[in-house]
Amino acid sequence: MILKNLVVGPLATDCYIVGSESSKEGMIIDPGDEAEVILNNVKDLGLEIRSIVLTHGHIDHIGALKEVKEATGAEVTIHSDDAQALQKKSVNTLFGLSYPTPLPADRLLKDGDSMDIGDLHFLVLHTPGHSPGCICLLGEGIIFSGDTLFNFGIGRYDLPGGNYSQLMNSIHTRLMTLPDNTTVYPGHGPDTTIGAERSGNPFLQT
Ligand SMILES: [Zn+2]
Ligand SMILES: [Zn+2]
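Residues numbered from 1 in each chain as written. Chains lettered and ligands numbered in written order. Predicted model: local features only at pLDDT ≥ 70, side-chain atom pairs only at ≥ 80, totals over all residues. Heavy atoms only, no water.

Surrounding the zinc ion (ligand 2) are the protein donor atoms Asp60 (OD), His61 (NE2), Asp147 (OD) and His188 (NE2), at 2.1 to 2.2 Å. Classification of the site at the zinc ion (ligand 2) as irregular follows from its four donor atoms and the range of 88 to 157° in their angles at the metal. Between consecutive donors of the zinc ion (ligand 2), the numbers of intervening residues give the motif D-H-x85-D-x40-H. The buried category is assigned to His61, whose relative accessible area is 0%. (Donors = N, O, S within 2.8 Å, 3.2 Å for Na, K, Ca; no water. Tetrahedral: all angles 85-135°; square planar, octahedral: opposite > 155°, others 65-115°. Buried < 20%, exposed > 50% of the residue type's maximum accessible area, 1.4 Å probe, protein only.)

Take a look at the structure:
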């Protein structure tokens, strides 16, 4: 598997480019900003981007969506509960950042959907709490956790649509049930593992 992590934009969002070694098909997770950097990396990796997956609809994860979509022609996918973020300006005036021209999703995701990129297979987990339509993408021994779970941190639950008990429920029932050696690639900050978070994340201790 090809996996490239780019840190983009003023909120240091982790954008991931994931690709199949054999078919050279790929997906981009959270094109938050710096479209040119993302597209140059796609070119260097020699990937044909099939899908753009948004872990949720916050501006810091979708800022370069329009340019990346236009350059790659890839399908834009987001959970249905966050799809309004791609159309309603109000949701994305968060953080004082300007909002790009809205772009509707091509495919609405729900829990249990599969995301197949060449020989790579991922499963969509609906993990609300940070926002109503947050998803994680699980497969190939790794999970992209968006803003649900961070390295020794958890997502904010005080933004519009956020909910603390939902967030903790998502983390405990969907993520902490995974094997310890599952590598976690979050929406901000460095990667971690489920085992490291289980034993050391201060927000998960009871
Ligand atoms: Zn967010
Ligand atoms: Zn974020």
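The subject of this paragraph is the sheet that holds strand S1 (residues 2–8). With mixed pairing, the six strands of this open sheet are ordered in space as S1-S2-S3-S4-S5-S6. Only two strands of the sheet have a single neighbouring strand rather than two, namely S1 and strand S6 (107–109). Ignoring strand direction, the axes of neighbouring strands in this sheet form an average angle of 25°. Direction of pairing for S1 relative to strand S2 (residues 13–19): antiparallel, over a ladder of seven bridges. Looking across to S2, one finds that Asn5 is bridged to Tyr16. Docked against the sheet, helix H1 (residues 35–45) engages S1, S2, strand S3 (25–29) and strand S4 (48–53), running at close to 160° with respect to S1. Running at roughly 150° to S4, helix H3 (residues 65–72) makes contact with S3, S4 and strand S5 (75–79) of the sheet. (Pairing = 2+ DSSP bridges. Helix = DSSP H or I, 4+ residues; strand = E, 2+ residues; numbered from the N terminus. Axes fitted to C-alpha atoms, helices over the stretch in contact; angles between N-to-C directions. Contact = heavy atoms within 4.5 Å.)

Another aspect to go through is the coordination of the zinc ion (ligand 1). Taken together, His56 (NE2), His58 (ND1), His130 (NE2) and Asp147 (OD) make up the protein donors of the zinc ion (ligand 1), found 2.1 to 2.5 Å from the metal. With four donor atoms in place around the zinc ion (ligand 1) and angles of 90 to 172° between them, the coordination shape is irregular. Between consecutive donor residues of the zinc ion (ligand 1), the sequence gaps follow H-x1-H-x71-H-x16-D. In this structure, the zinc ion (ligand 1) lies 3.4 Å from the zinc ion (ligand 2), and both are coordinated by Asp147. Of this pair, His56 sits in the loop between S4 and helix H2 (59–62) while Asp147 is found in the loop between strand S10 (142–146) and strand S11 (149–150), placing the two residues 91 residues apart along the sequence. Taken as a pair, His56 and Asp147 share a single burial class, namely buried.

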